[in-house]
Structures are given as structure tokens and as C-alpha cells.
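Below are the chains, spelled out letter by letter.
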Amino acid sequence: MIAKVFGLVLVAALLRGAPAPPPEPHECANATTRCDGTIRVPLDWENPSSERISVAFTFIPAKDADGTVAANRGGPQPALPEIPGIQHVLGPVLDRKNLLVMDPRGIGRSSPLLCPGADPFAPETIAACAKSVGARGAYFTADQASHDLDAVRRALGLGKMSYFGNSYGTLYAQAYAARYPNSLDAIFLDSSMVIGRDGYAEQEFDARLDYLDLVCGRSRACDALPGEASGIWTRLVDRLRKQPDPEVTLHQALTLREPAEAVVGRENVAAAHAYLNGDPAPLRRLARLTPKTVPPFDPPWLAGHVAFRCGDGSFPFDRLASAAERQAQAERYYERERPMAPYRPTDFFPTEAVASQEWCVNWPTPRHSPPRPPGQALPNVPILVVAGDFDVNRPAEVARSLRVFPNATVIRIPFGIHAQSFLPSPLGDCVRGMLRTFLTTKRIVDQKCTGENYRAVGAFPQQLRDVAPHLARRLSSGQRRILAAAFATAADATARRNPHAFYYFGRPNEAGLRGGQVTFGQDITLDRVRFVRDLQVSGPIALTPDGRATATLTAETGGRTHAVTLTWTAFSTRPALSGTFDGLPFD
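These lines cover the structure that appears in this document, whether it is placed above or below. Bear in mind the structure is a predicted one, so any value in this text is a computation, not a measurement.

Focus on the overall build of the protein
No. 1: Looking only at helices and strands, the protein has 17 helices and 18 strands in total.
No. 2: What you see for the protein is a C-alpha radius of gyration of 27 Å, in line with the 25 Å of a compact globule of 587 residues.
No. 3: With the principal axes as the frame, the protein shows a C-alpha extent of 95 × 55 × 40 Å.
No. 4: Across the 587 residues in the protein, those meeting the buried criterion constitute 57%.
No. 5: For the protein, the exposed surface amounts to about 24700 Å²; the carbon and sulfur share of it is 52%.
No. 6: For the protein, the centre of its 65 positive side-chain charges and the centre of its 59 negative side-chain charges are spaced 3 Å apart.

Printed below as a string of C-alpha cells:
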């Protein structure tokens, strides 16, 4: 009877926005070192008689703490395994602040939903999973998870918290802020999800070919190509659909349209233009970095992942419609609106293409569960948001979504990508600096972080005669052409060590564009590498951590060998070059 009364009081408090009565203190509340714990919570926070589920958390107290940071890296996926990465990002913040991380309900160690054999690209298995999970699947959503987190906060006896959310963690943060505005003192969001007017997360696929226009427009060489970069890529997709290439599939063309990876952003438009004009080598080289088909996605926490995505999101169908009606609505939408243009679902999925693209067609969402309910009062606490140019959502979209918070500041990161605060690069260091300053002092200091450290190339010359001569004054026109081609060869190899070239992390070697071998070790070593067909270049390139490159090369063409030394600043939008050609200095 007491439990029932407590449940009714709790529900009433939640519905009117008042603080819920404190739960029984958890043993982790008095911990002085890391404490892993669980609490029992209602499956449905509005129903005191619903079943109880277990929610797992980790609490890492700081000595003389002056606050707590709750953190979630995203997914939705297990959060507790991400603690080391979160600790690295927060760094010295944790000298004075506790860290609280919770596995979202239904995932990881929090009463996981399990559907062995479920495959989101096989719609019938998602339908079977939804049937197996049953009606309880409607409660594995961000709104319910926000109540779980506050129950943990209260069980630990904590006061106001700061929230650090990345990717899907930004949705959890906004859901929590909407329901517990008085429990927060600051929010930092990286790679924020966009919430629409209906309060649900917008998860529509968009090819975002305008990202190509942005990169190409920043480069004189790329911008000189005929037409818009997005138009070149559209023609490439049309060509691959009509004339399939086993070395460049449509899925690879989908992956390679993203400029978030530095080598891809540097080369994809010029490579597409070369392909359309009879030179497939540059695009095929990029394609070898990526899988030919959609890779499998079948983690053990898939059912929980789908439950959150479907319960929290908005889609091109009625949330209350039957699966058959949803399927029909989605198919009409994709046929009419072409949201993936120039791609089509059938480019990637041979059967049930739309349902394979829209996983939630077969996952019922009978419960009204907007993560951020429209019209909800939101906290007037400082909110700092970093939004990258090449993230899933554009900075302008993020800013429009978050303007409902009265004290939110959105900082655009030029050429920034997803999960910037976790990047092992100068950009990551810069974003982490802003995050740490903000969570420690609540002050917003724009450190002008940028990921723009390259310019897109405009062409891939095939012969020496296609290379524009360098401007070195003391050399003949032939020597200047060889010098320019030798530098292009070295710069092409060095670009693969850009700190944002994550396709190349740990990659030991790569074939030269038109022959030879590039080896990546302490130095970059060229072994008879042919960037153009009639010049082969060999020798080492030393690269310092700050991007200073020094090459000692031999360049051979027409039976003659030339000694070339080069010094330049790699990973720069203006890589000034100096060196010698057969002993003659130039700059």
C-alpha cells in the first residue's frame, strides 16, 4: 500500500513538473572512488503499477567536487563502455566535478532488449523483433530515460548537474532539460540532433550534395571545373546507375560524397569529374577505402537502438498507422519527394527498399512520446553548442532547432564533422578546450576552431604535359613542369596523413595513383610512385606533428633523373613551397 501511494505521488509530481520525492539513497552516494550501481525504476513512469526494470550507471566522484557532469556519447548505444573516452574529453574538468554516466534503458546493462538475428536491412526481422518485445517496447524512449537519469541523480543525493551530450546524447540532454529544468546548471552539445516543431527528432536522410559545393567553392582549382560540384556528383551517380562499375558501386558513391574525411573532401569532386571524362583511376582509388555494399549492423543492443530511434523520431508516415499503411505512405513519399536524390533506396537494397531505409515502418509507436514537448518551458541556463559544416545536421538547422532555449549559443565549426570533441586532432583539441572552459566556468569562449586545413584539388593530370608549371624563376619551363609534378606526387601522398584523414588511420601503405607504392611509417616513403604516367618519384617525406613536410626525392622521366628537395606546410590552405631542383634553389 505504501509503495502504491508513493507511486501515485511520484506520478503526480512528474505530471505537474514538481520535484519527485527522493528515492532511497544509493550506496554509491557515499563513494570516494568509482562506483558502479543499479536502481530499479518503473517501465512506465506515468503508471505506478507498471513492471520495474533495472538501470545501470557509473558514478566517479571527484575530491572536493563542486558539481557533477552527466554525459552520454550517443548512439543510442551502451554508454558505460564509453567512459574512458568521455574522461579523456572532459580532462581537467573531472578534477573538481563528479562524472555520472548511465546506460539508457533497454541497452547495455540496463534491462537490455534482445532480438537475436534482427537485421534492420531485413524488414521482416524487425517486425518479428517488435512482436517479440511487445507493448513494453513503447517505453524505451528518451522521455522515459530522462526520468531514469533524475532518479539516479536523486538516489546519489546530487544537486544541479551539467550535461555533456554528443550526437544522440544531445537528444537525451534536451529531453532531460525539458522535464527537469531546475536540475541543470549548464549544457554542452556536440553534433546536435534537430528536433522539429512536433517535438520529435528529425531523422530524414538527405544526400547533402551542397557540402560538395561548399568545399569546392573554397578552392580556385575545384571551382574552375564546369558546373556546380553537386551537379558533377549527380552526373556521376546517374552514370554509375546506367553503367555499373564493379570497382565503384553506388554505395561507395554514397559514402564518397561526404567531405567529412579530409582525403575524400580534397579529391572527390575532381575524381568524379575525371571519371566522367574517361579517367577512372582517382575515383577507384578512393573507392577502395570503403565497403562496396551496406555493411551489416547487428549489435546485440540493436532492439534497444531501434526502440529509441522509432519512439523518439519523426518519419514520412503516420506514427499511429499500421505497418502496411506506413509502408505505403513511405513509398509514396520517396517517389514524390526524392529526399535521397540523386540516390534511391533501390540503389542499395534489392528488395523492400523503402522499409530497409526506414527501419521504423515495422516498429509500432502507439505512445505519444516527444523528446522535447512543444511549448515546454526550457531552462535559462547557459548552453554551448558546436556544429560542424559537414555534420549530419547543418549548423543553420541546429541553430533553428535550439533557439527555443533562451540562453543557447551555437558556434559553427568550419569544415567540422561529427563528434568533434572526440577527434584525435588539432580540431578536437580546440573543441575540447572550449568544452572544458565552459563546463568549468560557464563562460563561452569562441576559440575559432576549424577543420579547414586543405583545399580541394581541381584535376588529376595524366601526363606531364597536363601539369601547370611551377612559378620558380630560375628554372626552365620543362624543369618547372617536372618540379610541379614531383610536388603534386609528394602532396598527394602527404595528404593521406592529414589528421582528419580517418580512413587512413593505421593504414601501412597504398598503391600510387598510376603506379608504384606509398608506405606510411615514421616517414612517408615513395617507391617509384607515378602520380602522372610519365614521371616516377621515389624518396622519403619527413612530417612533423605540426605539419611541416620535408621531402628528399628523385624524379625520373624520359630516361633522366632529377634530384628534388621540397619543404612546405602540409594541411594548410596555403602550403608555401621551397626547395631545390638539381641543386638550384627556388621558393
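A short note on the sheet that holds strand β5 (residues 161-166)
No. 1: Spatially, the eight strands line up as an open sheet ordered β1-β2-β4-β3-β5-β6-β9-β10, and their pairing is mixed. Unpaired on one side and paired on the other, β1 (35-42) and β10 (408-413) mark the two borders of the sheet. For this sheet the average axis-to-axis angle between neighbouring strands, irrespective of direction, equals 20 degrees.
No. 2: Where strand β3 (residues 68-72) lies against strand β4 (residues 98-102), three bridges are found, and the strand directions are parallel. Among the inter-strand pairings, Val69 is bridged to a residue of β4, identified as Leu99.
No. 3: Of the strands in this sheet, β2 (52-60), β3, β4 and β5 are in contact with helix α2 (residues 83-90), which crosses β4 at around 145 degrees.

A closer look at the state of the cysteines
No. 1: Applying the stated criterion to the full structure yields five disulfides.
No. 2: Cys216 shares a disulfide with Cys222; S-S distance 1.9 Å. In this structure the cystine formed by Cys216 and Cys222 twists about its S-S bond by roughly -100 degrees; its chirality is therefore left-handed. Each member of the pair, Cys216 together with Cys222, is buried.
No. 3: Described in terms of the sequence order of its bonded cysteines, the disulfide pattern of the protein is 1-2, 3-4, 5-6, 7-8, 9-10.

Comments concerning the pattern of salt bridges
Here the idea is simple: oppositely charged side chains can pair when their charged atoms come close.
No. 1: By the definition in use, this model includes 31 salt bridges.
No. 2: Residue Arg394 is joined to Asp210 by a salt bridge in which the shortest nitrogen-to-oxygen separation is 3.0 Å. Here Arg394 is found in the loop between β9 (383-388) and α15 (395-402), whereas its partner Asp210 is found in helix α6 (residues 210-217), with 184 residues between them in sequence.
No. 3: Looking at Arg394, the relative accessible area reads 19%, which means it is buried.
No. 4: Assessed through its relative accessible area of 34%, Asp210 is described here as partly exposed.
No. 5: For the salt bridge of Glu452 with Arg455, the shortest nitrogen-to-oxygen distance reads 2.6 Å.
No. 6: Note on Glu452: relative accessible area 15%, which makes it buried.
No. 7: One continuous salt-bridge network, built from bridges that share partners, spans Arg266, Glu267, Arg285, Asp492, Arg496 and Glu510.

Some remarks on the side chain of Thr557
No. 1: By secondary structure assignment, the location of Thr557 is in strand β15 (residues 548-557).
No. 2: Among the polar contacts listed, one links the side chain of Thr557 to the backbone oxygen of Asp534, at a separation of 2.6 Å.
No. 3: Discounting chain neighbours no more than four positions away, the residues touching Thr557 are Leu464, Ile482, Asp534 and Leu535.

Structural notes on the packing of aromatic side chains
No. 1: Per the stated rule, a full pass over the model turns up 22 aromatic pairs.
No. 2: With a centroid separation of 5.4 Å and 10 degrees between ring planes, the pair formed by Phe315 and Phe317 is classed as stacked.
No. 3: In this structure Phe317 comes out as buried when scored by relative accessible area, which is 8%.
No. 4: Joined through ring pairs, the aromatic side chains of Phe121, Phe297, Trp301, Tyr343, Phe348, Phe349 and Trp359 make up one cluster.
No. 5: Sitting over the face of the ring of Phe422, Arg73 holds its NZ or CZ atom 3.8 Å from the ring centroid.
No. 6: The ring of Phe140 has Arg105 sitting right over it, with the charged end atom 6.0 Å from the ring centre.

Examining α2
No. 1: Within α2 the residues assigned to the buried category are Ile83, Ile86, Val89 and Leu90. Down the axis of α2, the sector holding all buried residues measures 120 degrees, keeping them to one side.
No. 2: Gly91 sits one or two positions beyond α2 and adopts a positive phi of about 50 degrees.

Points about the side chain of Thr489
No. 1: Looking at where Thr489 falls in the secondary structure, it is placed in helix α17 (residues 477-494).
No. 2: At a separation of 2.8 Å, a polar atom in the side chain of Thr489 contacts the main-chain carbonyl oxygen of Ala485.

Analysis parameters
- Residues numbered from 1 in each chain as written.
- Predicted model: local features only at pLDDT ≥ 70, side-chain atom pairs only at ≥ 80, totals over all residues.
- Heavy atoms only, no water.
- Helix = DSSP H or I, 4+ residues; strand = E, 2+ residues; numbered from the N terminus.
- Rg over C-alpha atoms; globule rule 2.2 N^0.38 Å.
- Buried < 20%, exposed > 50% of the residue type's maximum accessible area, 1.4 Å probe, protein only.
- Areas by Shrake-Rupley, 256 points an atom, 1.4 Å probe, with all protein chains shown as cover.
- Lys, Arg positive; Asp, Glu negative; His and termini not counted.
- Charge placed at Lys NZ, Arg CZ, Asp CG, Glu CD.
- Pairing = 2+ DSSP bridges.
- Axes fitted to C-alpha atoms, helices over the stretch in contact; angles between N-to-C directions.
- Contact = heavy atoms within 4.5 Å.
- Disulfide = S-S within 2.5 Å.
- Salt bridge = Lys/Arg side-chain N within 4 Å of Asp/Glu carboxyl O.
- Polar contact = N/O pair within 3.5 Å; in protein donor to acceptor, adjacent residues only side chain to side chain.
- Phe/Tyr/Trp six-rings, centres within 6.5 Å; stacked < 30°, edge-to-face > 60°.
- Lys NZ or Arg CZ within 6 Å of the ring centre and 35° of its normal.
- Arc of directions from axis to C-beta.

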